Amino acid sequence: LSALLAWTYKRWRWPAPGLSLPFNWNVQFRGKVQRMALGIAIGTFSLFILIAIPFFRQYSIQDAENRILRQAGRARDELGRQPVVADSKAADSLLLRIARQFDLDLDLYDEKGHLLASSGRDIYQAKLRPVRLPDAVAKQLKASKAPYVLQNEYLQGLPVQVLYLPVSRAPLEKAPFLSIPFQHPSERLSEGLKNFLGAMLMVSIFLLLLSVSAAIWIANQLTEPLANISENLRSFRIGENRPLTWENEEDEIGELVRAYNAAIEQVDASARQLRQSEREKAWREMARQVAHEIKNPLTPMKPSIQYLLHAY
């Protein structure tokens, strides 16, 4: 608030002339230190946000995918422990129970890529998803024996990810492939990103206020002897100056204070010498005047005495 009021006063001379604020925008050393600290704090926060948001998005996506993979592995293991069922309806009921247990959608495909059973049969009845396994996925699972295939697809125009897994044992015979569609992690990030940014905003505002307050305090502490020197120079009187004190005489401020104290000592010594010289000059002038006053009556007396001596 102090920085904002100081900036508005510098730009528009508002709200009040001569307003005394701890933060200022003038060209003095104190203002430069304060502005430098404020710029560093804001720049660091901005850089952190620019780096943290992409990292947070990537980490959240990767974490969501890993969580889905773990849930999918447990669902596949649970599926492998179930007894063989006779038809697809019984398999649908079994998949629905397991899907609810692990909060997933499960689909079973045969070797040729035909849908055999699903925990969400209504999606296929509404023709929202194809009933055949993508050929590229089936070839990849068969040829490379990959542990899984993760593919981006669209469901009613919304991006989803589908995890395809090979299964060694399924409730239905000739059902070697398991499909698990789930919401794309990037769609889930909006709420988490808002929470992250909100938390970062609160923390950063606190740190910003703390750093700027510390900068104002540090600037005031560093520039206090400079202000004292400036004030003393404005009220400089010969013989009436007191030396300044600074706790650390080895730093730059201490050197400046020491140089100022040495300068006033030299000025006072010169003043004392000047006063002594003035006194001696005054005594010499007075002696000269006294000698002159004494010499004036003696001058006519000398020839008179000489005349009397000559007459005698």
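Residues numbered from 1 in each chain as written. Predicted model: local features only at pLDDT ≥ 70, side-chain atom pairs only at ≥ 80, totals over all residues. Heavy atoms only, no water.

1. Digging into the side chain of Glu78
1) Next: Inspection of the secondary structure puts Glu78 in helix H2 (residues 29-80).
2) Next: Residue Glu78 is classed as buried on the basis of its relative accessible area of 15%.
3) Next: A distance of 2.8 Å separates the side chain of Glu78 from the side chain of Arg81, its partner in a polar contact. (Helix = DSSP H or I, 4+ residues; strand = E, 2+ residues; numbered from the N terminus. Buried < 20%, exposed > 50% of the residue type's maximum accessible area, 1.4 Å probe, protein only. Polar contact = N/O pair within 3.5 Å; in protein donor to acceptor, adjacent residues only side chain to side chain.)

2. A closer look at the pattern of salt bridges
1) Next: Applying the stated criterion to the full structure yields 3 salt bridges.
2) Next: A salt bridge links Arg121 to Asp92; the nearest nitrogen and oxygen atoms lie 3.0 Å apart. Note that Arg121 is positioned in helix H4 (residues 121-125) and Asp92 in helix H3 (residues 88-102), a separation of 29 residues in sequence. (Salt bridge = Lys/Arg side-chain N within 4 Å of Asp/Glu carboxyl O.)

3. Focus: the nonpolar core
1) Next: If you look at the biggest cluster of nonpolar residues, it comprises 21 residues, and the most contacted ones within it are Ile98, Leu104, Leu106, Leu108, Leu163, Leu178 and Ile180.
2) Next: Secondary-structure elements contributing two or more residues to this core are H2, H3, strand E4 (158-166) and strand E5 (177-183).
3) Next: Not counting the four nearest positions on each side in its chain, Ile98 is found in contact with Ala75, Glu78, Leu79, Gln82 and Leu106.
4) Next: The next biggest cluster of nonpolar side chains, apart from the first, holds 11 residues, and it includes Tyr124, Val162, Tyr164 and Phe177. (Core = buried A, V, L, I, M, F, W, Y, C linked by side-chain atoms within 4.5 Å. Contact = heavy atoms within 4.5 Å.)

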